Amino acid sequence: MKFYQLSAKDRRKILDDEGIELEEIDEEVLEKLNNLSENVIGQLRLPLGVVQSLNVNDANYMVPMATEEPSVIAAANHGASIFNKNGGVVASSDRSGIYGQIVMAIEDDFDLALVEKKKSALIKEANDKFSSLVNHGGGLCKIEFSLKNGDQQKLLYALCLIDPAEAMGANKANSILEFLAQNLLAVRGISEKLYAILSNYPSQLTTAKVELDFASVGGRKVAERVVLLSKIGQIDPYRAVTNNKGIMNGVDAVLLATGNDYRAIEAASAVLASRNGYTSLSRWRIKDQKLVGELTLPMAIGAVGGSINARSDVKQAFNILNPTNRISVKDLANVITSIGLANNLAALLAISTVGIQEGHMKLQARNLVASLNVPESEKEKVLKQLIKDKIYTKEHVQEILKEISEDK
Ligand code: MEV
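A few points on the structure. A quick note: this is a predicted structure, and the numbers were derived from the prediction, not measured.

Points about the packing of aromatic side chains
Argument step 1. Tallied over the entire structure, the rule returns two aromatic pairs.
Argument step 2. Taken together, a centroid distance of 5.9 Å and an interplanar angle of 70° make the contact between Y99 and Y201 edge-to-face. Of the two residues, Y99 sits in strand β4 (residues 98-106) while Y201 sits in the loop between β7 (190-199) and β8 (205-213), which places them 102 residues apart along the sequence.
Argument step 3. Centre to centre, the rings of F130 and F179 are 5.9 Å apart; their planes meet at 85°, and the pair counts as edge-to-face. Placement of F130 in the loop between α5 (119-129) and α6 (131-135) and of F179 in helix α7 (residues 170-184) is noted, with a sequence separation of 49 residues between them.

This is how it looks when you write it as structure tokens:
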């Protein structure tokens, strides 16, 4: 049997025989994971934390975040608490659909007018075939045909817009596109399908906006620094990419926790940030004596489908977001974008005041203490001393422990 055909348990045995030390794993868990991916031999765990309260469109959410980076969840909580003091975030999500692209080779007798004439029939056929998506409120909405010159060949491009309803819809979109491509082959002059696949081009744009009193961010001067930093991010790609990384810290953490495809959002966000040269995705300005922040992100996410229903850890995340009902995909997109804005504000505030290292180092100190054999009773004392001395090394922890024992 080939490696990929083996059970996860047998694959682990092969690794074990090769002398690779593997972590213990519950067999039932292993079997479940084996259904999600290929060549599975174990699991990778991440801490799951929460933003305790984030007000978006007058509703309060507890937001699950999965990340290993110290200070990301603290930053999101900090940003969220400032937003909450100012009446929360106003957010809106445009769920008009995700893109799909079909490219077909055409012959000399191809007539664009003919395929344009058949467009409504092609859309209807696809929606009849995928009626379950239509019943959920989605379906193929639009096709735009155009002709382009390929390498020594004329090509027909079909840009499609597919409403995936509450799901991200990647699989369904690909099935619809394959079906459509097959039907296009019946049109005179279309000779071959080159490809039919969804496009991760920015879609499902979601905007989160806050208006903050100067006092809530530490005064007008701090607000002005935030605006200046934001302006730098609009013109300087070195700052813009770091600004956007800080946004993605929060966004990816919620995407991961909710079983969403963070790679798709990352790829689409990079395109969105590059529309006029690479710039910050967020924008901060002062208007009517308030610090106003805005962030728009492409949120091609789902609240159902994919691995979402198959994973108990993801179910847990959805329970955290809404213990009684499944959060709608629009509300989830609004929450995720708001968290991105919260992380962004926290980073800009830290940078424009004490600098980012102070907060980071406190968390690094906590990690250091946790990773060494510091007795439980001394942990707090060691942590305090490390932060006071600003020396975050293993040797310094040992010196502090020695001093504590000498003082006893
Ligand atoms: C660190 O992970 C993220 C920040 O660098 C973001 C920023 O500079 O805006 C703090």
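Quick notes on the site of the ligand
Argument step 1. By nearness alone, ten residues border the ligand, and E69, R239, K245, N249 and I351 come closest of all.
Argument step 2. E69 places a side-chain nitrogen or oxygen 2.6 Å from an oxygen atom of the ligand.
Argument step 3. N249 places a side-chain nitrogen or oxygen 2.9 Å from an oxygen atom of the ligand.
Argument step 4. Summarising the interface, the protein chains cover 86% of the accessible area of the ligand, which totals 300 Å² for the free molecule.
Argument step 5. For the shell around the ligand, the elements supplying multiple residues, two or more each, are α9 (237-257) and α12 (329-352).
Argument step 6. Per element, the largest residue contribution to the shell around the ligand is six residues, and it comes from α9.
Argument step 7. Here the residues of the shell around the ligand are counted per class, giving three nonpolar, four polar and three charged.

What about empty space enclosed by the protein?
Picture a little ball the size of a water molecule; that probe, rolled over the atoms, points out where space is still empty.
Argument step 1. A full pass over the atoms with the stated rule returns one cavity of 30 Å³ or more.
Argument step 2. Of the volumes computed, that of the largest cavity is approximately 80 Å³.
Argument step 3. Only β7 and α10 (262-273) provide two or more residues apiece to the lining of the largest cavity.
Argument step 4. Sort the elements by how many residues they give to the lining of the largest cavity and α10 lands first, with three residues.

Let's talk about the sheet that holds strand β6 (residues 153-163)
Argument step 1. Spatial ordering of the open sheet is given by β5-β6-β4-β7, a layout of four strands whose pairing is antiparallel. Of all the strands in the sheet, just β5 (139-150) and β7 have a single pairing partner and so form its edges. Across the sheet, the mean angle separating the axes of adjacent strands is 20° when strand polarity is ignored.
Argument step 2. As paired strands, β5 and β6 are joined by eleven bridges and run antiparallel to one another.

Focus on the pattern of salt bridges
Argument step 1. Tallying each qualifying case throughout the model produces 15 salt bridges.
Argument step 2. Where K245 meets E69, a salt bridge forms, and the shortest distance between an N and an O atom there is 2.8 Å. Of the two residues, K245 sits in helix α9 while E69 sits in the loop between β2 (59-66) and α3 (72-85), which places them 176 residues apart along the sequence.
Argument step 3. According to the relative accessible area criterion, K245 is partly exposed, its value standing at 40%.
Argument step 4. Its salt-bridge partner being E178, residue K193 comes within 2.9 Å of it at the nearest N-O pair. Separated by 15 residues along the polypeptide, K193 in strand β7 and E178 in helix α7 bring together distant segments of the chain.
Argument step 5. By relative accessible area, which is 32% here, K193 ends up partly exposed.

Some words on the layout of surface pockets
Argument step 1. There is about 1600 Å³ of room inside the largest pocket.
Argument step 2. Taken together, 49 residues form the lining of the largest pocket, with L36, G259, S307, R311 and V314 sitting closest to its centre.
Argument step 3. For the lining of the largest pocket, the secondary structure elements donating two or more residues are α2 (27-34), α6, α7, α9, α10 and α11 (312-321).
Argument step 4. Along the lines of polarity and charge, the residues of the lining of the largest pocket split into 22 nonpolar, 16 polar and eleven charged.

Considering the pairing of β8
Argument step 1. Here β8 shows a clear split, with T206, A208, V210 and L212 buried on one side and none of L205, T207, K209, E211 and D213 buried on the other.
Argument step 2. With four bridges connecting them, strand β3 (residues 90-93) and β8 associate as antiparallel partners. Looking at the pairing, V90 lines up with K209 of β8.
Argument step 3. As paired strands, β8 and strand β10 (residues 290-298) are joined by nine bridges and run antiparallel to one another. Following the sheet pairing, A208 is matched in β10 by L295.

About the thresholds
Residues numbered from 1 in each chain as written. Predicted model: local features only at pLDDT ≥ 70, side-chain atom pairs only at ≥ 80, totals over all residues. Heavy atoms only, no water. Phe/Tyr/Trp six-rings, centres within 6.5 Å; stacked < 30°, edge-to-face > 60°. Helix = DSSP H or I, 4+ residues; strand = E, 2+ residues; numbered from the N terminus. Near = heavy atom within 4 Å. Polar contact = N/O pair within 3.5 Å; in protein donor to acceptor, adjacent residues only side chain to side chain. Areas by Shrake-Rupley, 256 points an atom, 1.4 Å probe, with all protein chains shown as cover. Nonpolar A, V, L, I, M, F, W, Y, C, P; charged D, E, K, R; others polar. 1 Å grid on protein atoms, 1.4 Å probe; cavity = no way out; pocket = protein on both sides within 12 Å on 5 of 7 lines; lining within 4 Å. Points joined across faces, edges and corners; volume = space filled by probe spheres on them. Pairing = 2+ DSSP bridges. Axes fitted to C-alpha atoms, helices over the stretch in contact; angles between N-to-C directions. Salt bridge = Lys/Arg side-chain N within 4 Å of Asp/Glu carboxyl O. Buried < 20%, exposed > 50% of the residue type's maximum accessible area, 1.4 Å probe, protein only.

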